[in-house]
Amino acid sequence: MSRRQLRYQERHVDEEEDEIEVGSNKEMSAIPPVSKHTLPANDELRLFQQSFKYLFDSPSLETFIQTVKGDLFNRDYIKAFGDDDRRMAYCVRWTPSRSLAYGSLFASLAEVRTVITSENSNILVIGGGACGELVALGSIYTQHQSLKALNETPDSINIKLVDIADWTKIVGKIVSEVKKNWTYQSPDAFNVDFMNGDVLSLEPSLLGLSSVDLITTMFTTNELFAEDRAKSLRFFQSLNKECHSGCLLLITESAGSYSHIEVGKKKFPIQFLIDTILLGKDQKSGDWDLIKQSESCWYRCDKSFDYPLKLENMRFFFRLYRKK
Ligand SMILES: C[S@@+](CC[C@H](N)C(=O)[O-])C[C@H]1O[C@@H](n2cnc3c(N)ncnc32)[C@H](O)[C@@H]1O
């Protein structure tokens, strides 16, 4: 698609939002602010307010937010997520809009939605400690369960969040609110396991790669490559060997932000290297198929969203792969 077409699409994105065909192969340029497959957006936003009630009442909240903002601006992610005050400030300020965007994206991708709403599915969220993906998954899962007949057995879902920063406390707060407010009829069916560790160094068996149905790396791939290129390449190679047929892998980054890495004397975008590992050099003989993608997809918050802090619109790149 030419730049002009892209600009045209972005300008006309609002008119197109309702036209996205869920499950179509058309490149998605926008996802809707709300989806019938998720809980209402304000329920998600309320969950964050309930989980961190005392923080919203604290006069220090703005200071914590400004500190994290500075760290993020300097791309010092280790510092930005370095202590509980910073992590909580990140979670109340930036996670809510991300969880809404991820809910809309997961719901718009029929294959991903099917995994979330299937019995006993296993989902691995890489770099997921901040809980954006968790709340989005919980929202789709709960909405689906609520449409089932009362006498039907609830489906179980198993979500493993792995993160190099210790988000234990934050995950604990969110999970307890989800169980109290959303999955209270069958709290034991909503299983969340937070693993504090470096995904690039953990054994595949600890990550449960052989039984996982969906892996997400949302806004985390660039960071992995910045930390250790060789280990990151090995990690993506390990998915070829370890994952079962049908497993999905969803990668997102800010649109146009993919870092480049040097191989010999040439520089390649990370996305190109990941494609070569997963799809093969000819883009088709590898272990995975690329089933959905967008170079630039918008998520825009709706005016009806009610939250005391700023909610961000997002423009991102995504790629969804399926293991052959
Ligand atoms: C930019 S944040 C994105 C957070 C979340 N996925 C989202 O989209 O809102 C990147 C996350 O990846 C985590 N991370 C960075 N390197 C990691 C590694 N080697 N192993 C596991 N997690 C890592 C960070 O601690 C952070 O929580």
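Since the structure is predicted, the reported quantities are computational estimates derived from the model, not experimental observations.

Student: Which residues make up helix H7 (residues 84-93), and what values do they have?
Tutor: Residues three or four positions apart in an α-helix share a direction because the helix packs 3.6 residues into each turn. Of all 10 residues that make up H7, eight are buried, and the element is covered over most of its length. All buried positions along H7 are accounted for by Arg 86, Arg 87, Met 88, Ala 89, Tyr 90, Cys 91, Val 92 and Arg 93. The opening residue of H7 is Asp 83, an N-cap whose side-chain oxygen sits 3.1 Å from the backbone nitrogen of Asp 85.

Student: Now, about empty space enclosed by the protein: what can you tell me, with residues and values included?
Tutor: Counted according to the given criterion, the structure contains two cavities of 30 Å³ or more. Roughly 60 Å³ of volume is contained in the largest cavity. If you trace the largest cavity, you find it lined by Pro 33, Val 34, Ser 35, Thr 38, Leu 39, Ala 41, Glu 44, Leu 100, Gly 103 and Ser 104. If you list the elements that add at least two residues to the lining of the largest cavity, you get helix H3 (41-51) and helix H8 (95-108). For the lining of the largest cavity, a count of residues per class yields five nonpolar, four polar and one charged.

Student: Let's hear about the pairing of strand S5 (residues 214-218): which residues, and what values?
Tutor: Where burial is concerned, most of S5 is hidden: five out of the five residues are buried. Of the two faces of S5, the one carrying Leu 214, Thr 216 and Met 218 and the one carrying Ile 215 and Thr 217 are both buried. As paired strands, strand S2 (residues 121-126) and S5 are joined by four bridges and run parallel to one another. In the sheet register, Val 125 faces S5, and the bridge partner there is Thr 216. With five bridges connecting them, S5 and strand S6 (residues 248-254) associate as parallel partners. Note on S6: the bridge partner recorded for Leu 214 is Leu 248.

Student: Tell me about the site of the ligand, residues and numbers included.
Tutor: Inspection of the region around the ligand gives 19 residues, with Tyr 102, Gly 127, Glu 133, Asp 163 and Glu 227 positioned closest. Between the ligand and Asp 163, the relevant distance is 2.5 Å, taken from an oxygen atom to a side-chain nitrogen or oxygen of the residue. Val 199 has a polar backbone atom sitting 3.0 Å from a nitrogen atom of the ligand. Computed on the free molecule, the ligand has an accessible area of 590 Å², of which 97% lies beneath the protein chains in the complex. Residue assignment for the shell around the ligand shows that the elements contributing at least two residues are H8 and helix H13 (221-227). Per element, the largest residue contribution to the shell around the ligand is three residues, and it comes from H13. For the shell around the ligand, the residue count by class is 10 nonpolar, three polar and six charged.

Student: Any details on helix H15 (residues 270-279)? Residues and values, ideally.
Tutor: The element H15 is largely enclosed, with a buried count of eight among its 10 residues. Residues of H15 that are buried: Ile 270, Gln 271, Leu 273, Ile 274, Asp 275, Ile 277, Leu 278 and Leu 279. Where H15 terminates, the next one or two residues include Gly 280, which has phi positive at roughly 95°.

Student: Talk me through the pattern of salt bridges; I want residue IDs and the actual numbers.
Tutor: If charged atoms from side chains of opposite charge come close, those side chains can pair. Under the criterion given, the structure shown has 14 salt bridges. Note that Lys 292 is salt-bridged to Glu 111, the shortest N-O span being 3.0 Å. Pair noted here: Lys 292 is in strand S9 (residues 288-299) and Glu 111 is in helix H9 (residues 110-116), with a separation of 181 residues, a long-range link. The network of salt bridges with shared partners includes Asp 71, Asp 83 and Arg 86.

Student: Now, about the nonpolar core: what can you tell me, with residues and values included?
Tutor: Within soluble globular proteins, side chains that are nonpolar tend to cluster in buried spots. Of all hydrophobic cores here, the largest spans 71 residues; its most connected members are Leu 105, Phe 106, Ile 116, Leu 134, Trp 167, Ile 174 and Phe 316. Listed in part, the 30 residues of the second largest apolar core include Ile 251, Ile 270, Ile 277 and Trp 288.

Student: For the layout of surface pockets, give the residues involved together with the corresponding values.
Tutor: What the largest pocket holds in volume is close to 1200 Å³. Of the residues forming the lining of the largest pocket, the biggest block, five residues, is contributed by H13. Of the residues in the lining of the largest pocket, the class split is 20 nonpolar, 13 polar and 14 charged. A volume near 340 Å³ is recorded for the second largest pocket. Looking at the second largest pocket, it is lined by 16 residues, and the ones nearest its centre are Gln 145, Ser 146, Pro 154, Gln 185 and Ser 186. Sort the elements by how many residues they give to the lining of the second largest pocket and helix H10 (residues 132-146) lands first, with four residues.

Student: Outline the side chain of Glu 177, listing residues and values.
Tutor: Tracing the backbone through its elements, the reader meets Glu 177 in helix H11 (residues 168-181). Every residue in contact with Glu 177, bar those within four places of it in the chain, is listed here: Leu 47, Gln 50, Ser 51 and Trp 182.

Student: Quick one: what's the story with the packing of H7 against H8, residue by residue and with numbers?
Tutor: Contact geometry of H7 with H8 gives a least axis separation of 4 Å together with a crossing angle of 50°. Here H8 runs oblique to H7, going by the angle between their axes. Contacts between H7 and H8 pair Tyr 90, Cys 91, Val 92 and Arg 93 from the former with Thr 95, Pro 96 and Arg 98 from the latter. Among the residues forming the contact of H7 with H8, the class breakdown is four nonpolar, one polar and two charged.

Rules and cut-offs
Residues numbered from 1 in each chain as written. Predicted model: local features only at pLDDT ≥ 70, side-chain atom pairs only at ≥ 80, totals over all residues. Heavy atoms only, no water. Buried < 20%, exposed > 50% of the residue type's maximum accessible area, 1.4 Å probe, protein only. Helix = DSSP H or I, 4+ residues; strand = E, 2+ residues; numbered from the N terminus. Polar contact = N/O pair within 3.5 Å; in protein donor to acceptor, adjacent residues only side chain to side chain. 1 Å grid on protein atoms, 1.4 Å probe; cavity = no way out; pocket = protein on both sides within 12 Å on 5 of 7 lines; lining within 4 Å. Points joined across faces, edges and corners; volume = space filled by probe spheres on them. Nonpolar A, V, L, I, M, F, W, Y, C, P; charged D, E, K, R; others polar. Pairing = 2+ DSSP bridges. Near = heavy atom within 4 Å. Areas by Shrake-Rupley, 256 points an atom, 1.4 Å probe, with all protein chains shown as cover. Salt bridge = Lys/Arg side-chain N within 4 Å of Asp/Glu carboxyl O. Core = buried A, V, L, I, M, F, W, Y, C linked by side-chain atoms within 4.5 Å. Contact = heavy atoms within 4.5 Å. Axes fitted to C-alpha atoms, helices over the stretch in contact; angles between N-to-C directions. Parallel < 35°, antiparallel > 145°, perpendicular 65-115°, else oblique.

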